[in-house]
Amino acid sequence: DPSSDPSSLPPADPAQTPPPSTTVVPPSEPVEPPKPKLKEQLQSLPLDANLSKLIMLSYVGEQDEENRADGQGVAKFNDGHIYEGTWKTGMMHGKGKYTFSDGVTYAGQFTYNSITGVGVYTWNDKSTYSGDVKDGLRHGKGVFTAPDGKGMYDGEWVNGRREGEGTIYYNAEKTCYYQGQWKDNVRSGKGVAVYPSGNKYDGEWKANRKNGKGKMEWIDVNESYEGSWVDDKQSGYGIHVWLDGDVAHGDTARQRCNQYAGQWKAGVREGIGTFQYANGSEYHGAWSGNVKHGYGVFTYPDGHVYEGPFENDRMPGREEGSRATEDVAPQLKLNISDLVEDESEEGKHQLKLIENLLLRYNSELKVVYKHYSGVTNGLGFGLGGEESTKKKNEVVFTMNMEQFRILCKECKLLDNSITFAMVNQIFYRMRRHHALYISSAWEDKETKQDDSGAVYYADQDENGMGVNDLERPLLFREFVEGLTRVAYHKYCIINKSVTVKTALRRVVEDHIRVYATQTGLNAFEDKMTEPKVKLGLTSNAGLLSAVFEKYAKKAEDGVMSKREFLIFVADASCFGNKKSYSPEEVMAFCEPSKPEHHHHHHAQFGVENGLDDGAIFENLMLKAEFLEAVCRLANAYNTNMVPLQEKLKTYFVGVLGPLMDNFKQAGVGETKIFVTGLEGQKVVDKDIKKGLQRPPRRIL
């Protein structure tokens with residue numbers, strides 16, 4: 001039911017109940033035994049030599065020439081206390097043991113009749129304190145251990161109270177604890193609490209309660225919340241996730257975990273927020289008392305959108321889950337008004353034709369989507385074969401942009417006319433188009449009491465990810481619409497007579513159907529994702545990043561132009577066997593294999609090589625594509641019949657290492673290499689001549 005959502009917070013964990021200021025969190029926490037009234041007892045201690053003589057009932061031990069206790073000795077006082085240890089000029093000074101009349105003992109250092117130094121207190125119930133003491137009080141660093149070792153505090157103290165950094169354990173196994181900052185004997189500052197249930201809070205505290213920013217993980221019910229807290233309850237902005245168990249990646253019925261990101265008050269959803277549902281639907285709007293209430297925009301899994309009022313979690317006047325008022329209800333609704341003018345009858349007709357075409361392809365596109373959602377061997381996942389962040393967190397089970405890049409590469413959708421950096425821009429514009437649609441709907445509502453619509457951009461816009469972030473998740477409806485937009489840019493822009501429907505059909509029938517999910521079509525491309533090859537890249541990740549950052553002006557954005565790659569290859573040919581390459585050969589290193597069939601379609605749709613006019617050199621390549629290009633370059637550099645990882649090693653040691661060392665040896669602001677573009681060759685391409693006209697390359 002898209003208009004309902006999971007329960008709010010799980011039942012309150014009893015371990016979260018704030019303790020009295022004299023105890024600490026879990027109910028099972030050991031209670032400290034009553035502390036001896038040290039201040040009163042210390043008043044009975046001798047303050048000087050003369051006073052010692054007056055209240056000391058007896059003394060047995062060494063004395064000085066003036067008959068004062070000096071050296072080792074035992075004294076009994078009139079209040080029943082006993083001291084045994086070192087004396088100096090009639091005062092307790094050095095190491096000793098003091099036994100109070102009630103049986104409590106202190107063994108450790110004394111400073112001129114003051115219990116000051118390092119020592120151990122032992123109470124009658126066998127609880128102990130071992131550490132720094134000042135004037136009889138715990139002060140400095142020390143460890144308090146509860147009776148039978150069932151609890152312990154290890155940390156800093158000030159005047160007998162917990163203050164500063166410290167860890168308190170509530171059981172002998174040390175599995176239930178708080179570790180962090182303390183103030184005046186209670187948790188204040190930053191700290192981590194692990195409860196008996198295994199639940200965990202990591203964040204800020206004040207007055208023994210969760211206050212400020214923090215993350216709570218309910219392990220027992222598989223949920224988490226990260227955001228603002230006030231007095232142990234979610235208040236302010238925060239993100240609550242209902243985590244799922246073992247979910248198949250690419251399942252279009254369950255594409256992600258339920259998640260709410262927005263405003264909270266006293267532990268319930270209150271204000272403006274966005275709820276993303278597991279099936280791909282999404283609600284952005286007003287909340288009250290933990291339910292959708294007020295104006296909002298609801299996007300169904302198929303892309304249909306409802307905008308209007310909500311009352312107590314429901315759309316007024318609509319049956320539960322119904323879209324009967326929609327004109328059409330295909331399984332996918334495209335929001336491509338920026339590609340197809342949908343106000344006119346002709347535009348509506350074209351849009352319906354496209355959606356009907358997608359209905360024909362829907363089943364096979366779901367198969368393709370599911371297949372590539374499980375791919376984890378692309379270089380965009382990080383070196384060393386690491387899986388993506390989203391797979392580690394198990395919050396999103398969709399395809400991501402790296403997997404979509406692999407699909408585009410394997411299906412031979414990328415060429416000089418459209419690179420994956422362009423695809424990233426296409427998807428960015430798609431997201432902005434959707435966001436602007438939601439924003440305009442929000443701003444057009446009849447009752448606008450505040451600027452809450454701004455929350456959508458502040459909290460949702462790009463989710464802190466860059467345009468070229470390959471970890472970005474891709475819902476199935478976004479995958480289908482994105483594929484449609486790629487088809488438009490690949491064919492319709494070049495040839496205005498080509499309709500979006502025709503372009504989409506060519507992409508599916510000439511690329512997806514022919515190449516998707518196939519294996520063994522390109523043996524070398526498969527080698528680049530082998531574990532040993534990725535391990536070789538991992539071992540030299542620092543060197544590869546240094547090269548990328550040296551030559552790519554937009555390295556921070558994760559992209560390098562092919563012109564910059566051409567310059568890199570030209571510089572690299574100064575080292576090792578000094579093998580140089582033509583512009584066409586360099587471009588071949590940058591690009592995946594071109595389609596082997598359907599060339600007539602490229603001619604029909606006007607797709608050109610792009611090398612003659614030089615525009616190809618302005619195309620951008622992602623860092624993952626740069627790594628793949630380096631693999632192809634290393635393979636061409638070493639023609640011996642050895643594994644690719646050995647060729648990479650040879651190329652790193654013989655070429656890239658010396659290349660970067662050459663830069664390091666240059667003075668500040670200097671480089672040791674100058675480039676013409678290609679070693680001693682006449683570059684016929686005008687664009688290359690214009691862009692790479694430099695002094696002859698040489699090693700200084």
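Read on for an overview of the structure. (Residues numbered from 1 in each chain as written. Predicted model: local features only at pLDDT ≥ 70, side-chain atom pairs only at ≥ 80, totals over all residues. Heavy atoms only, no water.)

1. Quick word on the overall build of the protein
Heads up, the condition is: Runs of H or I in DSSP of at least four residues are treated as helices and runs of E of at least two as strands, each being numbered from the N terminus. Residue burial considers only the protein chains on display, and all accessible areas are found by Shrake-Rupley using a 1.4 Å probe.
For the protein, the count of helices and strands is 18 helices and 25 strands. Of the roughly 32100 Å² that the protein leaves accessible, carbon and sulfur atoms contribute 50%.

2. Structural notes on the pairing of strand S9 (residues 152–158)
Stated precisely, the cut-off is as follows: Strands were regarded as paired on the criterion that DSSP finds at least two bridges between them.
Alignment of strand S8 (residues 137–145) against S9, held across six bridges, turns out to be antiparallel. For Lys 141, the partnering residue across the bridge sits in S9 and is Glu 156. Turn length for the S8-S9 hairpin, with the two strands adjacent in sequence and antiparallel, is six residues, and the turn residue Asp 148 shows positive phi of about 60 degrees. As judged from the six bridges shared by S9 and strand S10 (residues 161–169), these two strands associate in the antiparallel manner. Counted as the bridge partner of Tyr 153 is Ile 168 from S10.

3. Section: the packing of helix H12 (residues 541–551) against helix H16 (residues 623–637)
In helix packing, the relevant descriptors are the interaxial angle and the interaxial distance, both defined with respect to the helix axes. What counts here: Here an axis means a line fitted to C-alpha atoms, over the contact stretch when the element is a helix, while the angle between two N-to-C directions is reported on a 0 to 180 degree scale. Here roughly perpendicular refers to angles of 65 to 115 degrees, roughly parallel to angles under 35, roughly antiparallel to angles over 145, and oblique to all remaining angles. Two helices crossing with the near one rotated counterclockwise from the far one by less than a right angle form a left-handed crossing, whereas a clockwise rotation gives a right-handed crossing. A contact between two residues is defined here by any heavy atoms of the two lying within 4.5 Å. Under this grouping Gly is polar, as are all residues other than the nonpolar Ala, Val, Leu, Ile, Met, Phe, Trp, Tyr, Cys and Pro and the charged Asp, Glu, Lys and Arg.
Axis separation between H12 and H16 bottoms out at 11 Å; the angle between their running directions is 110 degrees. When the axes of H12 and H16 are compared, the pair comes out roughly perpendicular. Along this stretch, H12 crosses H16, giving a crossing that reads as right-handed. Touching Leu 544, Ser 545, Val 547 and Phe 548 of H12 are Lys 623, Phe 626, Leu 627 and Val 630, all from H16. The residue inventory of the contact of H12 with H16, partitioned by class, reads six nonpolar, one polar and one charged.

4. Re the nonpolar core
Condition: Here, nonpolar core refers to any group of buried Ala, Val, Leu, Ile, Met, Phe, Trp, Tyr and Cys residues whose side-chain atoms link them within 4.5 Å. Buried, partly exposed and exposed residues are distinguished by accessible area as a fraction of the type maximum, computed with a 1.4 Å probe on protein chains only: under 20%, between the cut-offs, and over 50%, respectively.
Core analysis: the biggest nonpolar cluster contains 53 residues, and Tyr 372, Phe 404, Leu 407, Phe 420, Phe 479 and Ile 512 have the highest contact counts within it. Counting residues per element, the ones that place at least two in this core are helix H3 (345–373), helix H5 (401–410), helix H6 (420–443), helix H8 (476–492) and helix H9 (500–515). Residues contacting Phe 404, with those up to four places away along its chain left out, are Met 399, Phe 420, Val 423, Phe 427, Leu 474, Phe 479 and Leu 483. Met 92, Tyr 129, Tyr 277 and Tyr 283 belong to the second-largest nonpolar core, a separate cluster that totals 48 residues.

5. Structural notes on helix H14 (residues 583–590)
Note the cut-off: What the arc covers is the set of directions going from the helix axis to the C-beta atoms.
For H14, every residue scored as buried is listed here: Pro 583, Val 586, Met 587, Phe 589 and Cys 590. Buried positions in H14, seen along its axis, are confined to an arc of 150 degrees and lie on one side of it.

6. What about the environment of Glu 564?
The criterion, for reference: In protein, a polar contact requires one atom able to donate a hydrogen and another able to accept it; more generally it is a pair of N or O atoms within 3.5 Å, and residues adjacent in sequence count only if both atoms are side-chain atoms.
Along the chain, the position of Glu 564 falls in helix H13 (residues 562–572). Glu 564 gets classed as buried once you look at its relative accessible area, which sits at 11%. When the C-alpha atoms of Glu 564 and Tyr 551 are compared, they prove to be 6.0 Å apart, with 13 residues separating the residues in sequence. Among all residues touching Glu 564, those that are not within four sequence positions of it are Tyr 551, Ala 552 and Lys 553. A distance of 3.1 Å separates a polar side-chain atom of Glu 564 from the backbone nitrogen of Lys 553. Reaching out from Glu 564, the side chain makes a polar contact with the backbone nitrogen of Ser 561 at a distance of 2.9 Å.

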